[in-house]
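# Coordinate inspection notes
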Amino acid sequence: MGRAAEILGVTQAFLRTLDAVRLLTPQRSAGGHRRYSRYQLRLATRVRELIDAGNSLDGACRIVILEDQLAEAQALNASLQHTIDEHESRD
């Protein structure tokens, strides 16, 4: 956790807060240390940016969740559109 906080330029308490609000659920090492994925570090960075821009923690977390859902929906839409285009080109 200390290294992740250092990389992001945040405090360990900030990362613990993101754990507490269940935005991040890091893996645990055998010794019990939190291990964050690159994806989780990107989420934490985005939350920090939104808080620095004047959003509340709850608001920033909600924005990040919605941005993530939108990206997933856009990827699914692109995949489905590709499938439709393939079927139409065969006909």
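The structure under discussion appears in the preceding block.
Residues numbered from 1 in each chain as written. Predicted model: local features only at pLDDT ≥ 70, side-chain atom pairs only at ≥ 80, totals over all residues. Heavy atoms only, no water.

### Here's the deal with the overall build of the protein
Counting its secondary structure elements, the protein contains 4 helices and 2 strands. The helix and strand sequence of the protein, counted from the amino end, reads α-α-β-β-α-α. Taken against the 2.2 N^0.38 rule, which gives 12 Å for 91 residues, the C-alpha radius of gyration of the protein at 18 Å runs more than 25% over that of a compact globule. Considering only C-alpha atoms, the protein reaches an extent of 60 × 35 × 20 Å along its principal axes. For the protein, the proportion of its 91 residues judged to be buried stands at 24%. A total accessible area of about 6,500 Å² is found for the protein, and carbon and sulfur atoms account for 51% of it. Across the protein, 12 positive and 12 negative side-chain charges occur, with their mean positions spaced 14 Å apart. (Helix = DSSP H or I, 4+ residues; strand = E, 2+ residues; numbered from the N terminus. Rg over C-alpha atoms; globule rule 2.2 N^0.38 Å. Buried < 20%, exposed > 50% of the residue type's maximum accessible area, 1.4 Å probe, protein only. Areas by Shrake-Rupley, 256 points an atom, 1.4 Å probe, with all protein chains shown as cover. Lys, Arg positive; Asp, Glu negative; His and termini not counted. Charge placed at Lys NZ, Arg CZ, Asp CG, Glu CD.)

### Concerning the environment of A4
With respect to the helices, strands and loops of the structure, A4 is situated in helix α1 (residues 2-8). Every residue in contact with A4, bar those within four places of it in the chain, is listed here: L15, Y36 and L41. (Contact = heavy atoms within 4.5 Å.)

### Topic: the nonpolar core
Within the largest apolar cluster, 18 residues are counted, with the highest numbers of intra-cluster contacts made by L15, L18, L23, L24, Y36 and V47. If you list the elements that add at least two residues to this core, you get α1, α2 (12-20), α3 (38-52) and α4 (57-90). Per-element tally for this core: the top contributor is α3, with 5 residues. Setting aside anything within four residues of it in sequence, one finds L23 in contact with L18, V47, C61, V64 and I65. (Core = buried A, V, L, I, M, F, W, Y, C linked by side-chain atoms within 4.5 Å.)

### Describing the packing of α2 against α3
Direction vectors running N to C along α2 and α3 enclose 105 degrees, while the axes themselves pass 11 Å from each other. With respect to each other, α2 and α3 are oriented roughly perpendicular. Residue-level inspection shows F14, L15 and L18 of α2 in contact with α3, the latter providing A44, V47, R48 and I51. A breakdown of the residues in the contact of α2 with α3 according to their chemical character gives 6 nonpolar, no polar and 1 charged. (Axes fitted to C-alpha atoms, helices over the stretch in contact; angles between N-to-C directions. Parallel < 35°, antiparallel > 145°, perpendicular 65-115°, else oblique. Nonpolar A, V, L, I, M, F, W, Y, C, P; charged D, E, K, R; others polar.)

### Section: the packing of α3 against α4
At their nearest, the axes of α3 and α4 sit 9 Å apart, and the two run at 130 degrees to each other. It follows from the interaxial angle that α3 and α4 lie oblique. The chirality of how α3 crosses α4 is right-handed. Of α4, the residues touching α3 (which contributes Y39, L43, R46, V47, L50 and I51) are L57, A60, I63, V64, E67 and D68. A class-by-class count of the residues in the contact of α3 with α4 yields 9 nonpolar, no polar and 3 charged. (Left-handed = near helix turned anticlockwise from the far one by under 90°.)

These values are about where atoms sit, not about what they do.
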